[in-house]
Amino acid sequence: MSRSPNQQSVHLSVDGKDIELPVRRSTQGQRVIEIENLRKAGIFTYDPGFIATASCDSSITFVDGEQGILTYRGYPIEQLASHSSHLETCYLLFHGELPSATQLDEFTGSIRHHTLVHEHLVNFFRGFHADAHPMAMLCSAVGALSAFYHKTTDITDAEDRELSAMRLIAKIPTLAAMSYKHSIGQPYVYPDNSKDYASNFLYMMFSTPCESYHLDPAVAHAMDVLLLLHADHEQNASTSTVRLAASSGANPFACVSAGIASLWGPAHGGANEAALRMLMEIGDDKHIGKFIARAKDPDDPFRLMGFGHRIYKNHDPRARVMQQLCAQVLEAQGSSNSPLLRTARTLERIALEDDYFIKRKLYPNVDFYSGIILQALGVPTDMFTVIFAIGRTAGWVAHLNEMLGTDYRIGRPRQLYTGFTERDFVPLERREG
Ligand code: ACO
């Protein structure tokens, strides 16, 4: 491969033919080589896991994994976590700019207006077995929303798209809380629209009709920051799933349901649950060495959960905010000496000094401390990924809107075929074995 003098394109020689591949510059971060001309020359690229492949143009979120930088629409995540709210950040992700006071009021009002779900969804929930995992219920309930709004899911219509986005952001906390209530056999709690987004969710999750419910504002604030930190992360597995599903023209509720399914896996959103379980299993600092040794053993599939990231080869900036938030929450609750936090900090320190982790650039990710915060807020472990899904809905709808508002094609990766070459069908009576 050779590079043109002005570096606007690279040239590849395939079977003696010269193929010119344009190079495109991003506003920040790596350049990309456009490879469409390869197809015309009858050759594809091979990149399992999309390690070196950009799948789209996007102006929503920027991640520099080497430097440990994350920005939403140009604003550093640390600034947003300190000064913004989850709903304001949703507006920013969706519309591209921070809202004026009036715009934020209208946006918040619109979200409030849509918090209720159709009463028939209660019947849908009643069909689940009592021990159904809340992620299983959330995934199906979000998909089921498309049955209630079939007439307003024309993805080519900008108004329909916006309406579906508002409905998704507004209703997902309601459905998430219903999943939880169902799993513990308590009555569903209707939203109270006088409350802010995070408080309303916590109210639907933890209040019961038989007692008055008091919510500590520090708890509501911690939940709001947690949602904001999870709001978007460019083309991760679940967002790419949402985009791929939408590229066929599927409706937004079905696409977000697909995103929730992808998020569920322990290598993605399920890692916060796994990280907390791991910390509890470690139990005492004296067992940390054993877990580190297992994580380093190539014959043991065990990994340090909440450690490592496909993109971050430096500190995940969300993990740093999360660590501070964790300390604040525990201090506010009078448990700054929490054994779990102590174990997490010791584990982090030991891992970051270990050659295995240094060489592979493995740092704590967003999930390492979030489990401790959620546990301190009284959230049971099987709701952790559900809460991640509430936050990430903002990113999913922003990416859907971005993609559907531009020219796009159906997503259709190719493959390196490794099966049989063509052969003749063998009738049953002539087959051996
Ligand atoms: N513990 C121990 N070793 C690890 C870990 C870990 N957590 N993560 C990666 N490694 C090792 C791998 O074994 C591999 O070692 P090798 O080169 O000797 O084979 C090397 O580091 C590279 O790992 P890959 O799996 O190739 O990295 P990839 O980018 O594909 O995976 C992933 C990233 C899935 C996040 C991985 O680091 C992991 O499984 N972490 C634990 C799960 C987790 O915390 N997931 C949450 C991610 S954040 C999010 O989704 C919100």
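In what follows, the structure referred to is the one given above.
None of these values were measured; they are calculated from a predicted model.

Cut-off values and rules
Residues numbered from 1 in each chain as written. Predicted model: local features only at pLDDT ≥ 70, side-chain atom pairs only at ≥ 80, totals over all residues. Heavy atoms only, no water. Axes fitted to C-alpha atoms, helices over the stretch in contact; angles between N-to-C directions. Helix = DSSP H or I, 4+ residues; strand = E, 2+ residues; numbered from the N terminus. Parallel < 35°, antiparallel > 145°, perpendicular 65-115°, else oblique. Contact = heavy atoms within 4.5 Å. Nonpolar A, V, L, I, M, F, W, Y, C, P; charged D, E, K, R; others polar. Pairing = 2+ DSSP bridges. Phe/Tyr/Trp six-rings, centres within 6.5 Å; stacked < 30°, edge-to-face > 60°. Buried < 20%, exposed > 50% of the residue type's maximum accessible area, 1.4 Å probe, protein only. Lys NZ or Arg CZ within 6 Å of the ring centre and 35° of its normal. 1 Å grid on protein atoms, 1.4 Å probe; cavity = no way out; pocket = protein on both sides within 12 Å on 5 of 7 lines; lining within 4 Å. Points joined across faces, edges and corners; volume = space filled by probe spheres on them. Salt bridge = Lys/Arg side-chain N within 4 Å of Asp/Glu carboxyl O.

Q: Quick one: what's the story with the packing of helix α12 (residues 271-282) against helix α15 (residues 339-352), residue by residue and with numbers?
A: Between α12 and α15, whose axes approach to 10 Å, the crossing angle comes to 100 degrees. Judged on the interaxial angle alone, α15 and α12 are roughly perpendicular. Touching L276, M278, L279, M280 and I282 of α12 are L340, T343, A344 and L347, all from α15. For the contact of α12 with α15, the residue count by class is eight nonpolar, one polar and no charged.

Q: Give a description of the sheet that holds strand β5 (residues 61-64) that names residues and reports values.
A: Judged by pairing direction, the sheet is antiparallel, and its three strands sit side by side in the order β5-β6-β7 without closing on themselves. Unpaired on one side and paired on the other, β5 and β7 (75-76) mark the two borders of the sheet. Of the strand pairs in this sheet, β5 and strand β6 (residues 69-72) are connected by four bridges, and their pairing is antiparallel. Bridge pairing in β6 places V63 opposite L70.

Q: Give a detailed account of the packing of aromatic side chains, specifying residues and quantitative values.
A: Aromatic rings considered in pairs are described by the distance between their centres and by the relative angle of their planes. With the rule as written, the count across this model stands at twelve aromatic pairs. When the ring of Y91 is compared with that of F107, the centres are 5.3 Å apart and the planes differ by 85 degrees; the resulting orientation is edge-to-face. Here Y91, found in helix α3 (residues 86-95), pairs with F107, found in helix α4 (residues 101-113); they are 16 residues apart in sequence, far enough to count as distant. Taking the relative accessible area as the measure of exposure, Y91 reaches 10% and is therefore buried. On the basis of an interplanar angle of 70 degrees and a centroid distance of 5.8 Å, the ring pair of F307 and F357 is categorised as edge-to-face. Remark: F357 occurs in helix α16 (residues 355-359) and F307 occurs in the loop between α13 (288-296) and α14 (317-332); sequence separation between them is 50 residues. An aromatic cluster of at least three residues, connected via ring pairs, comprises F307, Y356, F357, F368 and Y369. Lying across the ring of Y203, K195 places its NZ or CZ 4.9 Å from the centre. One Lys or Arg, R423, reaches over the ring of F420 and ends 3.3 Å from the middle of that ring.

Q: So what's going on with empty space enclosed by the protein? Residues and values would help.
A: All chains considered together, the criterion is met by one cavity of 30 Å³ or more. Along the walls of the largest cavity sit F94, R161, S164, A165, P252, V397, L400, N401 and L404, which together make up its complete lining. It is helix α18 (residues 384-404) that contributes the most residues to the lining of the largest cavity, four residues altogether. Looking at the lining of the largest cavity residue by residue, the classes come out as six nonpolar, two polar and one charged.

Q: I'd like to hear about the pattern of salt bridges, residue by residue, with values.
A: Counted according to the given criterion, the structure contains eleven salt bridges. Between R24 and D57 there is a salt bridge, with its nearest N and O atoms 2.6 Å apart. Of this pair, R24 sits in strand β3 (residues 17-24) while D57 sits in the loop between α1 (36-40) and β5, and the two are 33 residues apart along the sequence. Given the relative accessible area of 35%, R24 is considered partly exposed.

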